[in-house]
Amino acid sequence: MFLEINDLSVKIENKNILKNLNLNINKGEVHAIMGPNGSGKSTLANVLAGKEDYEILNGKINFKDNDLFDLNIEERAQEGMFLAFQYPVEIPGVNITPFLHSAINSKKKRMNEDEIDNLSFAKLLKSKASDLGINIDMLKRSVNTGFSGGEKKRYEILQMSILNPDLAILDETDSGLDIDALKIVTDGVNKLKTKDNSFLIITHYQKLLDYIKPDFVHVMVNGSIVKSGGSEIAAEIEKDGFQKFQ
Amino acid sequence: MNIQDNYQKNKKNIFFSKNKDVQNHREKLINIFKNDRFDKKNNESLKNVNLKNFLDFKYKYLVPEETSVINNNNDNTYSIVSVNGQCSNFKDDKIEITKIVEEDYNDFSKNNTIANNDHFVNLNSLFLNCGFKIIIKKNNNIKIKISNIITDDDLTIFQKNNFICEEGSSLNLIEEYENKNNSTLNILNVIKLEKNSQLNHFLIQDNSPNHNLIITSHSSCKKDSTYIQKVYNFSEGYVRNFHFSELIEINSEADLQGIFFLKDNNISNNKTFVKHLAEDCKSNQVYKGILNDRSTATYFSNTHVDQVAQKTEGYQLSKGILLSENASYFSKPELKIYADDVKCSHGSTIGPIDENAIFYLRSRGMSKIAATKILISSFINEELSSIDNDQMSEIIQKKIVRYLSKVK
Ligand SMILES: Nc1ncnc2c1ncn2[C@@H]1O[C@H](COP(=O)(O)OP(=O)(O)OP(=O)(O)O)[C@@H](O)[C@H]1O
Ligand SMILES: [Mg+2]
């Protein structure tokens, strides 16, 4: 199993958010999670990425034969996990080039691969940016600083395509994107998709799932997965909302 | 020993002690010391200061054996090594260097911008034992680098320097304070900018733990002149940076900036004060600090706008990153405005490093320590990228790397 979440319960500030959650993702699969606001989708994404504010009450997570809780934030990333944030953080004064370059090299180091030199990295960044319709001038700006909502989302996908993760978690990457941008971004995701990597896509809209075909759709309500199935579930939700799952 | 006895005992080695006006002034200073209750609450010069060490000190001064060197490289660049606060006389058609004289002392003693209970400035006047005066002649464009060297342990140097930029001149001044011995340097820079002159003043401070540096400056700007001061404090010993600026004629400008890097139990006290006394003047006061371990800093900034100083633009900012729960940074901006047509603002943000930013960077695979370092560098990125002197930029970068290498 590639990612295996067993009976996960998570609390923050005396509030139970995730409750006995189970989810299995195999290599090469695309999973979608849909659920009402506040149901715990971003919490799950953050716990997977290693954010430290949460209290894990019970449960186990296995990722590529590791106990995920044995890995710190950067080790998870170096092992191939990537989170495209729902709300990317603005970091004034930090340029994407040196930061992403150092990030990719720490991954290579962990995998015992050769590091990428400055020049090759700059080339890689440029070509990926142009694939995603990102202006070269934007690469000179500080990370997310002053970016529009849609620009931030594209920037997340740019980072994803550079780091080429084994498991990508996209937290509402579609919200804030106009229709053309959605097309470009989902093209980017589909290009990256192989039989060896997996995606966990959090979204509110069926639209995204028209572009990125999920193998499984899960409904998350109140901190648990209450129903799993194929894309027909997305259509159901689009039509009737979450009422009947609650 | 009290201040008065200390002075009497060492008088013969102290500058100008035979001059009547100087004597009168010093009597006043001694009275201030006698009558002061040293109330730390109401005296910025006493914050975080171990009074006993500073008031009850053992006076010691040595006249340097070797006279200081001046290199004129024929390209308007001068390199000065000031030893125990002394510098040999020099004169060419662009600059002139002499010892300071009684008139310089008396002229400064009339200033009313520095509070009369600033005891470090008062000690400086009382125990004055060295100092020099540099005049940049009209319309010249000059670069000067001064290395301030102290030869022996336990020296107490009380130094007054005067810098005069004559009309239309431009001076790029780099001062290095890098002392490794157990001594105290109390230095006062009196800076005068005549019409249409410009001074870019850089102070690099990197002393070892047992060296105390107390540096005060008083600059005054005439019509169309600009004074820019940038302080980089990497010292492991105590440093006090108190800098005062008066904009006395129209369209002049003062920019007082500082960055300090503290660790261990180090203390840094900072103050900037700009007095707007004429129309159409601009000022900027920005200090940024990075504090680790149990270090402590204070920063007082102050913009004073006189009633004639219409169309003033004054800006104050204080920023700090606390890398440890035990570090503390106290900052207090003040504005006193007596004119109605002014644009003034102040801001202050001090806190731990942004955890969300750390999480974001780590989630891309960067280690916690690398993420912390990149965020610290970005915090001062603006100040560093504005250094237009390659050599200096390199020196400062090296010192930052050294500081960051100790951050865990
Ligand atoms: N730091 C926190 N302190 C207290 N409550 C929190 C904290 N973070 C999240 N929560 C709560 O946890 C619940 C789940 O939040 P989460 O962000 O995971 O929801 P979500 O499913 O992603 O919602 P949305 O669709 O609106 O993005 C919410 O009720 C939220 O208020
Ligand atoms: Mg969310």
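Now for a description of the structure that goes with this document. (Residues numbered from 1 in each chain as written. Chains lettered and ligands numbered in written order. Predicted model: local features only at pLDDT ≥ 70, side-chain atom pairs only at ≥ 80, totals over all residues. Heavy atoms only, no water.)

1. Observations regarding the overall build of chain B
Here is step 1: Across its full length, chain B carries nine helices and 20 strands.
Here is step 2: Whereas a compact globule of 408 residues would reach a radius of gyration of roughly 22 Å, chain B reaches 21 Å, a difference of no more than 12%.
Here is step 3: For chain B, the C-alpha atoms occupy an extent of roughly 70 × 45 × 45 Å along the three principal directions.
Here is step 4: Within chain B, buried positions represent 58% of all 408 residues.
Here is step 5: Taking contacts inside chain B between residues at least 6 apart in sequence as the whole, the part at least 24 apart equals 82%.
Here is step 6: Only carbon and sulfur atoms are counted for the fraction: they give 45% of the accessible area of chain B, which is about 17300 Å².
Here is step 7: Positive and negative side-chain charges in chain B, numbering 52 and 51 respectively, have mean positions lying 4 Å apart. (Helix = DSSP H or I, 4+ residues; strand = E, 2+ residues; numbered from the N terminus. Rg over C-alpha atoms; globule rule 2.2 N^0.38 Å. Buried < 20%, exposed > 50% of the residue type's maximum accessible area, 1.4 Å probe, protein only. Contact = heavy atoms within 4.5 Å. Areas by Shrake-Rupley, 256 points an atom, 1.4 Å probe, with all protein chains shown as cover. Lys, Arg positive; Asp, Glu negative; His and termini not counted. Charge placed at Lys NZ, Arg CZ, Asp CG, Glu CD.)

2. Let's talk about the interface of chain B and chain A
By a widespread convention, an interface's size corresponds to the accessible area lost as its parts come together.
Here is step 1: Facing 17 residues of chain B, the contacting portion of chain A comprises 29 residues.
Here is step 2: Both faces combined, the contact of chain B with chain A buries some 1900 Å², and carbon together with sulfur accounts for 65% of it.
Here is step 3: When the buried area of chain B at its contact with chain A is split by residue, F359, Y360 and R364 of chain B rank highest and sum to 42% of it.
Here is step 4: Where chain B touches chain A, the interface holds three salt bridges.
Here is step 5: The shortest N-O distance in the salt bridge between R364 of chain B and E156 of chain A comes to 2.7 Å.
Here is step 6: Here chain B is connected to chain A by 12 residue pairs in polar contact (both at pLDDT 80 or more).
Here is step 7: When residues of the side of chain B that touches chain A are traced back to their parent elements, those giving at least two are α6 (355-362) and α7 (368-379) of chain B. (Buried area = accessible area lost by both parts, 1.4 Å probe. Salt bridge = Lys/Arg side-chain N within 4 Å of Asp/Glu carboxyl O. Polar contact = N/O pair within 3.5 Å; in protein donor to acceptor, adjacent residues only side chain to side chain.)

3. Some thoughts on the packing of helix α1 (residues 3-10) of chain B against helix α2 (residues 20-35) of chain B
Two quantities define a packed helix pair, namely the angle between the helix axes and the distance between the axes.
Residue and element names in this part refer to chain B.
Here is step 1: Between α1 and α2, the least distance of the axes is 9 Å, while the angle of their chain directions is 150°. As the angle between them shows, α1 and α2 are arranged roughly antiparallel. Along the contact surface, α1 presents I3, Q4 and Y7, while α2 presents R26, I30, F33 and K34.
Here is step 2: Its residues assigned to classes, the contact of α1 with α2 comprises four nonpolar, one polar and two charged. (Axes fitted to C-alpha atoms, helices over the stretch in contact; angles between N-to-C directions. Parallel < 35°, antiparallel > 145°, perpendicular 65-115°, else oblique. Nonpolar A, V, L, I, M, F, W, Y, C, P; charged D, E, K, R; others polar.)

4. Topic: the side chain of T43 of chain A
Here is step 1: One can find T43 of chain A in helix α1 (residues 41-49).
Here is step 2: Residue T43 of chain A is classed as buried on the basis of its relative accessible area of 12%.

5. Thoughts on the pattern of salt bridges
Here is step 1: If you walk through the whole model with that rule in mind, you get 30 salt bridges over all chains.
Here is step 2: Residue E74 of chain A pairs with R362 of chain B through a salt bridge whose shortest N-O separation is 2.5 Å. Placement of E74 of chain A in helix α2 (residues 73-78) and of R362 of chain B in helix α6 is noted, with the two residues assigned to different chains. You'll find E74 of chain A and R362 of chain B in the same group, each marked buried.
Here is step 3: Through salt bridges with shared partners, a single ionic network connects K64, E79, R110 and D166 of chain A.

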